[in-house]
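The chain contents come next:
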Amino acid sequence: MNFIPRQTISAKINNQNYYISLICDNNFQVQVVVLNENNNVIYKILDIDGDKADITKIHNNLYVFTNNIAYIYDINNLKKQPIKVFLGNLNLQGVCSNQNAIFAYSITKGKIIKYDKNLLIVQEYENPYSSDNIQPSLNLTCNEKDFFSIPIRAQTEEQYILMKMIIADYLDPEIAHQNDQINSCSFNINDNTLYISMYNLILIIKNQIEFSYLYFKDRAIATIFYDNDIKKLIINFGGINKNRLIGSVIKLSDTEIKERAIPLNYISGTYQFLENLGKPSLSLTGDNNDKIDIKKNR
């Protein structure tokens, strides 16, 4: 594709299966578009003023978040004028949703905001990883009731070194060299599985105790999204070839993920991958039983 897909979600439009994607084209114009099953652009929904945006959905509503405005579209009538909601200068990131609410992290406020389907604020949460003068950026995902937050980068040099050691020891030193930070996360509600993506690596944590991973040696992951509506992991790839943007989208079913995933059967309690990052949010800690404890915001 001659564009980079930043985010892609499924959409059933008038009972037909399509995908809605946030893309960056060769002119570096950020747009929201509709794709068919072959990832061809059917039509454009919105041009974004600037390069910052996020998309998500609740039932038949599509939400497009920009710097200070959110647009609410009817998925069955995307050409209809959307509802505009002025959010203010919140500098949102990590936008995610379940069937009842939207969660987003405001860099400006240093808080995670819970919105209802009309984008009214329901509740605000403190950044669980913040410390004196530090408000780290977050990736968010959620299940049916709760949200999970994961910092994009390790908070200390010690945590960074531990992360690198684990990836090098249990996966491969080359993979450790290529992957430095988390770029997205998503949650499979039915299978109780968390997906965490880095540069070309997807870590898979099932039932809090089973580890595996997907590795894409020569491809760069933009973001991932497990779409619980269609039960597929949507992976967005992006890159540059001869000064032109190129991208691709693949959708893996649960069966395809299982076939491709490389199991990690020997994760040791010697290491504590993201210990102390969790607080009231998410921590991946090893103990004598090699248990992963995922703590949820409530």
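If you're wondering where the values come from, they're calculated on a predicted model, not measured in any experiment.

Moving on: the overall build of the protein chain. Broken down by element type, the protein chain carries three helices and 22 strands. For the protein chain, the proportion of contacts with a sequence separation of at least 24, taken over those separated by at least 6, is 42%. As displayed, the protein chain has an accessible area near 14,700 Å², and 44% of this comes from carbon and sulfur atoms.

The next point concerns the sheet that holds strand 10 (residues 102–106). Read across the sheet, four strands follow the order 9-10-11-12 without closing on themselves; strand pairing throughout is antiparallel. Since the sheet does not close on itself, it has two edges, and those belong to strand 9 (92–97) and strand 12 (121–126), each with one partner. Pairs of neighbouring strands in the sheet enclose a mean axial angle of 20 degrees, with direction left out of account. In this sheet, strand 11 (residues 111–115) lies alongside strand 10 in antiparallel orientation, the contact comprising five bridges. Directly across from Ile102, in strand 11, lies its bridge partner Tyr115.

In this section: the nonpolar core. Counting residues in hydrophobic clusters, the biggest one holds 20 residues, and the most contacted among them are Ile20, Val32, Ile45, Leu62 and Val64. At the level of elements, strand 1 (3–13), strand 2 (16–25), strand 3 (30–35), strand 4 (41–47), strand 6 (61–65) and strand 7 (69–74) are the ones that each hand at least two residues to this core. Beyond its immediate sequence surroundings of up to four residues, Ile45 is in contact with Ile20, Val32, Val33, Val34, Leu62, Tyr73 and Leu78. Counting residues in hydrophobic clusters, the runner-up holds 19 residues, among them Ile167, Cys185, Ile196 and Leu203.

On to the sheet that holds strand 20 (residues 232–241), then. Backbone-to-backbone hydrogen bonds pair the strands of a sheet. The strands run either parallel or antiparallel. Reading across from one edge, 19-20-21 is the order of the three strands in this open sheet, with antiparallel pairing throughout. Two strands bound the open sheet, and with one partner strand each, they are strand 19 (221–227) and strand 21 (244–253). With direction set aside, neighbouring strand axes in the sheet form an average angle of 15 degrees. Alignment of strand 19 against strand 20, held across six bridges, turns out to be antiparallel. Looking across to strand 20, one finds that Phe225 is bridged to Ile234.

The rules behind these values
- Residues numbered from 1 in each chain as written.
- Predicted model: local features only at pLDDT ≥ 70, side-chain atom pairs only at ≥ 80, totals over all residues.
- Heavy atoms only, no water.
- Helix = DSSP H or I, 4+ residues; strand = E, 2+ residues; numbered from the N terminus.
- Contact = heavy atoms within 4.5 Å.
- Areas by Shrake-Rupley, 256 points an atom, 1.4 Å probe, with all protein chains shown as cover.
- Pairing = 2+ DSSP bridges.
- Axes fitted to C-alpha atoms, helices over the stretch in contact; angles between N-to-C directions.
- Core = buried A, V, L, I, M, F, W, Y, C linked by side-chain atoms within 4.5 Å.
- Buried < 20%, exposed > 50% of the residue type's maximum accessible area, 1.4 Å probe, protein only.

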